[in-house]
Structure formats: structure tokens, C-alpha cells
Amino acid sequence: MERFALKKLVAWKNSDTRKPLLFLGARQVGKTWLLKEFGQKYFEKTAYFKFDNNARLSTFFDGDYNVTRIIPLLELEAGFKFDPENTLLIFDEIQICPRAITSLKYFCEDAREYCIAAAGSMLGVEEHKGSGWPVGKIDKLLLYPMSFSEFMVAGKNELMLEPLKNYDKAIIKTFMDKYTELLKNYYFVGGMPEVVQTFIDSKDYFATRKMQESLLDNYKDDFSTHAPAPEIEKIYALWDSIPVQLAKERKTFIYKEVLKGGRTRTLADPLRFLTNAGLCYKIPRVQSPGIPLDAYKDDAFKLFFLDVGLLGAKSNLSPKTLLDGNQIFKEFKGALAEEFVLQEFKAYFDQKLFYWSAERSANEIDFLIQDDSNFIPIEVKSEQNLKAKSLKAFCQKYKPQTAVRLSLQQPSFSPVPFENENGAYRLCDIPLFAIENWQKFAGEEEKEYTSKNYKPL
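Residues numbered from 1 in each chain as written. Predicted model: local features only at pLDDT ≥ 70, side-chain atom pairs only at ≥ 80, totals over all residues. Heavy atoms only, no water.

A pair can form between side chains of opposite charge whenever their charged atoms are brought close. If you walk through the whole model with that rule in mind, you get 22 salt bridges. Between D222 and R27 there is a salt bridge, and its shortest N-O distance comes to 2.8 Å. Here D222, found in helix α12 (residues 205-226), pairs with R27, found in the loop between β1 (21-25) and α2 (31-42); they are 195 residues apart in sequence, far enough to count as distant. On the basis of relative accessible area, D222 is assigned to the buried category, the value being 14%. A residue is classified by how much of its surface remains accessible, and R27, at 31% relative accessible area, is partly exposed. Here E109 ties to K137 by a salt bridge, and the two come within 3.5 Å at their closest N and O atoms. A residue pair is termed long-range when its members are at least 10 positions apart, and E109 in helix α5 (residues 98-110) and K137 in the loop between α6 (122-126) and β5 (139-142) qualify at 28 residues. Residue classification places E109 among the partly exposed residues on the basis of a relative accessible area of 40%. A relative accessible area of 26% places K137 in the partly exposed class. Put simply, R250, K251, K302, E338 and E364 are held in one network by salt bridges that share partners. (Salt bridge = Lys/Arg side-chain N within 4 Å of Asp/Glu carboxyl O. Helix = DSSP H or I, 4+ residues; strand = E, 2+ residues; numbered from the N terminus. Buried < 20%, exposed > 50% of the residue type's maximum accessible area, 1.4 Å probe, protein only.)

As C-alpha cells, this is what we get:
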């Protein structure tokens, strides 16, 4: 199984300013597997230390943080001497030992020649942020569920990526049905590595769903392990409410729909717990966009799941849905499509996303992103229906240079007229399955259009 984050790990290894790495992500996204793969491919030796099943390890970090004392103990545990430049040291489940997290500061200051990658669940690590946190002394890398491209590679469909990378419109048009079929499968399977492997090995949708349900059960078990007892039932209620609220036409999260009397004060800690665990994403609203977008957000937000496949499982989306044409694209009023788009932007660009909705109006833009000094509205269409009243209203009011519409349509570019001094905004239609290359598609479409003597309207 190929993970594109491997390239980021190689870049970290070769960096002149390398610090100890904290490799984070939700449980079961593949952190341990990827670090071991990294060690096997790019180092002569790997010393793997797992804190949750070896109590002796934690004692190495008792007392002082003298690295010259700690290294020999680790060598004894590993059974060999470390060659700093040719040995990868993996500290797995590091959240079990907060002092090991603190020690990364001293490895950075006193022994930066050692290549140390520490992995942990986001939830466990977040619990230990405080006075011992190695501020400024670590590099951080987040791992997300497998992207659509990774899913295609895992399923031996890597040749389908080439037309997307090369912007080969003729081939894309010829194989639209194939891309749509792969996307349909990804909507159902999602990007959790164990689930993807189950699907690839078995081609059994019901076995795949069982694996997803097992992961969801494991996450709920984590709630009772890590959360304060008074908060557990609220966390369950909030977790169960996410798919229900995403199924609404307007997806702004409403606290009072979680439980009776629910409001910000009573649910703030449960929400923080789930977001810190990386199990959901909080997407804030911007009502009057400006740059930077972060400065214009308000208290409203949408809440999305970690993974589109898990969202379908949590929502009891039947595997039979896959047999009914493109019914999967119609489910939950586009919630699966929006979940997919968010997941892709996170995986490829680690992008911070926002959304827009108008006061006293049904108009809403699914996502806003910031690109240098511009904001870009992104409309998500789950099928081929390209009506975009909200997008037009947004563009007429706020005059962005570019708007993006993601759907199952062919890629295209067009100026859309309205009455203002600029004359038109640029609307780029991009297939949902091409998000990884959306900027290339937009640029090539505009170039192709302007070559046909296009003049601003």
C-alpha cells in the first residue's frame, strides 16, 4: 500500500534543519505502518520502541533528560548500537509517556544528529500539552486517511491518475464512467487503511462495512478510556448527531439538536474532545469574507467526520445503494460529496476551510479557501446538476477573481457576467475526482478559453 506522505518523511529526513518529528493523526490512519515502511526503505536500521506494551521504556525518561544517559538505555533495549545518520528511532504511542514527549526538546538541543520520529494519537498527545511541551523544538506532520489517489493506487488503478496529472481532457472524457465508478467505491469504502485493504482483498462490500463498524466501535471505546466520566454521554450524543445534522439542507451545526438543553457551554468540552482526537473537523462560517479568512469567522460552524466511508457506515448507508446506479451520490443531500471534498483538501493540501451563508437567506457556499491574497468560493454538486444560485449571489456581492464548482461534469471554464467594474468572474468546473489537481485544471481551462480570443464581458 502506497502512502504519499512517505515523500514528506523523506524530505524531513534530508532537511538541513531537521528536528525530532511528531507524527500525528487519528487512530487507525496508518501512522505506525508508514513509519516502519519509511525506516525499512530509507535507513540501514530501525529501532522501534512502543510505549503502551513495555513499561520499562518509560523508566528511561525518569529523572533527568540527559540524552547521553538515555541513548545507551535505548540501545540496550533495541539490542544494537545506533549510527545516528543511518538509524531511525521510532517512539510509538508516545502519549503514554509524557516525559518522552518532553525529551524531544533535549534531543533537538543536544543530539539533533539522531533521526527520531515519534507517533501518537492526536487525542493522547493533546492531553499532555502544557509546561513540558517541546515548543519550537519539534517538526510536526499530520497523517490523514488515504486520499482518492492513494485508494486508486492501492486498487491497481494508478494508470487512471496519469490523465488527471497531465490534464488529458480527451482521455478523461472517454473514461468518465470509470472515474465515476471508482469515486462511487471510494465514497463507500473511504480511506481508513484497514478498511481499504479489506475491500481490495475481498471485493466484499458487507465485509468492508463490518470493518468500518468495528473501527467505529473502537472509537467509542476510546471515549470511555480518555474522556472525563461526566462528559462521556455528551460525547456519545455529539458523535451520533454529526451524520444527522449533515443530512440537513442547511448543515450549520445546532447544539440544541444534540440533546435536550444542549448549548455551547454544555457541549464545548465534548466538541473539543472529538476535534482534538482528529475524529471530526470543525469548519467555521464566514459571513462577510475578507483576508485573512480566519479573522472574519464567527461562532457558527459545520461539523464533518474524519472519513467519508465511516460517515456512510455511521449513517447506515446500505451496500445495496451501490447497486442502484449513482444513488450513492444523491444520499444525505450532498453530505457525502461535501465530506469527500473536505477530506481531499485536507489530505492533499492540509487546507484550512471555511464556509459562507447569508443572513436571512437560504444562500450558502459549501467551502471557502484562501489562496494568497484572494478567497475562492467552492460549490460542491453531488451529481451533474449545476444550478448554482448561491454561487452567483456570492460572486455578485463579493467579487472573487475565481469560483470553483466541483461536480461529476467535464472540466470547463467560463466567464460569468454580472454588473460591476470587473465585468465577470471566472467559473472553473472541475470533476470531483480531480481535486488533487484542481489548480492545474483551472489554469489550463482558463488558458484554453483565452486562446479562443476571449475578452472580458
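The subject of this paragraph is helix α4 (residues 67-78). Between the first and last C-alpha of α4 there are 16 Å, a value that for 12 residues agrees with the 16 Å anticipated at 1.5 Å per step. For α4, every residue scored as buried is listed here: V67, I70, I71, L74 and E75. Down the axis of α4, the smallest arc covering the buried residues is 140°, so these residues share one side. Residues of α4 that are buried make contact with β2 (45-50), α3 (55-59), β3 (87-92) and α5. Once α4 finishes, G79 follows within two positions and takes phi at roughly 90°, a positive value. (Expected span 1.5 Å × (residues − 1). Arc of directions from axis to C-beta. Contact = heavy atoms within 4.5 Å.)

To continue, consider the packing of helix α1 (residues 5-14) against α2. Taken N-terminus to C-terminus, the directions of α1 and α2 make an angle of 55°; their axes are 10 Å apart at the nearest point. Classified by the angle their axes make, α1 and α2 are oblique. Crossing of α1 against α2: the hand is right-handed. Mapping the contact onto sequence places A5, L6, L9, V10, W12 and K13 in α1 and L34, L35, F38, K41 and Y42 in α2. Split by residue class, the contact of α1 with α2 holds nine nonpolar, no polar and two charged. (Axes fitted to C-alpha atoms, helices over the stretch in contact; angles between N-to-C directions. Parallel < 35°, antiparallel > 145°, perpendicular 65-115°, else oblique. Left-handed = near helix turned anticlockwise from the far one by under 90°. Nonpolar A, V, L, I, M, F, W, Y, C, P; charged D, E, K, R; others polar.)

All told, the structure shown has 36 aromatic pairs when counted by the stated rule. Between the aromatic rings of W12 and F38, the centroid separation amounts to 6.3 Å while the plane-to-plane angle is 55°, which identifies the pairing as tilted. On the criterion of sequence distance, the pair formed by W12 in helix α1 and F38 in helix α2 is long-range, its members being 26 residues apart. Where W356 meets F394, the ring centres are 5.0 Å apart and the plane angle is 75°; that geometry is what we call edge-to-face. Placement of the pair is W356 in strand β8 (residues 354-357) and F394 in helix α17 (residues 389-398), with a sequence separation of 38 residues. With relative accessibility at 3%, the residue W356 sits in the buried group. In this structure F394 comes out as buried when scored by relative accessible area, which is 0%. Cluster of aromatic residues (ring-pair linked, three or more members): F148, F151, Y186, Y187, F188, F199, Y205 and F340. Directly above the ring of F43 sits K13, whose terminal nitrogen or CZ lies 5.1 Å from the centroid. Against the face of Y236 rests K220, its NZ or CZ located 4.6 Å from the ring centre. (Phe/Tyr/Trp six-rings, centres within 6.5 Å; stacked < 30°, edge-to-face > 60°. Lys NZ or Arg CZ within 6 Å of the ring centre and 35° of its normal.)

Once that is clear, we can look at the sheet that holds β1. Ordered by their spatial adjacency, five strands build an open sheet running β2-β3-β4-β1-β5, and the pairing between neighbours is parallel. Across the chains shown, the open sheet's two edge strands, defined by having one partner strand only, are β2 and β5. Put simply, the sheet's adjacent strands are angled 20° from each other on average, direction ignored. Bridging between β1 and β5 involves four bridges; their strand directions are parallel. Across the sheet, residue F23 finds its bridge partner in β5, namely L141. Those strands touched by α4 are β2 and β3, and its axis lies near 95° from that of β2. (Pairing = 2+ DSSP bridges.)

With that settled, the discussion passes to the side chain of S149. With respect to the helices, strands and loops of the structure, S149 is situated in helix α7 (residues 148-154). Within the local environment of S149, its side chain forms a polar contact with the side chain of Y348, the two groups lying 3.0 Å apart. Once residues lying within four places of it in the same chain are set aside, the contact partners of S149 are F4, L161, Y348 and E436. (Polar contact = N/O pair within 3.5 Å; in protein donor to acceptor, adjacent residues only side chain to side chain.)

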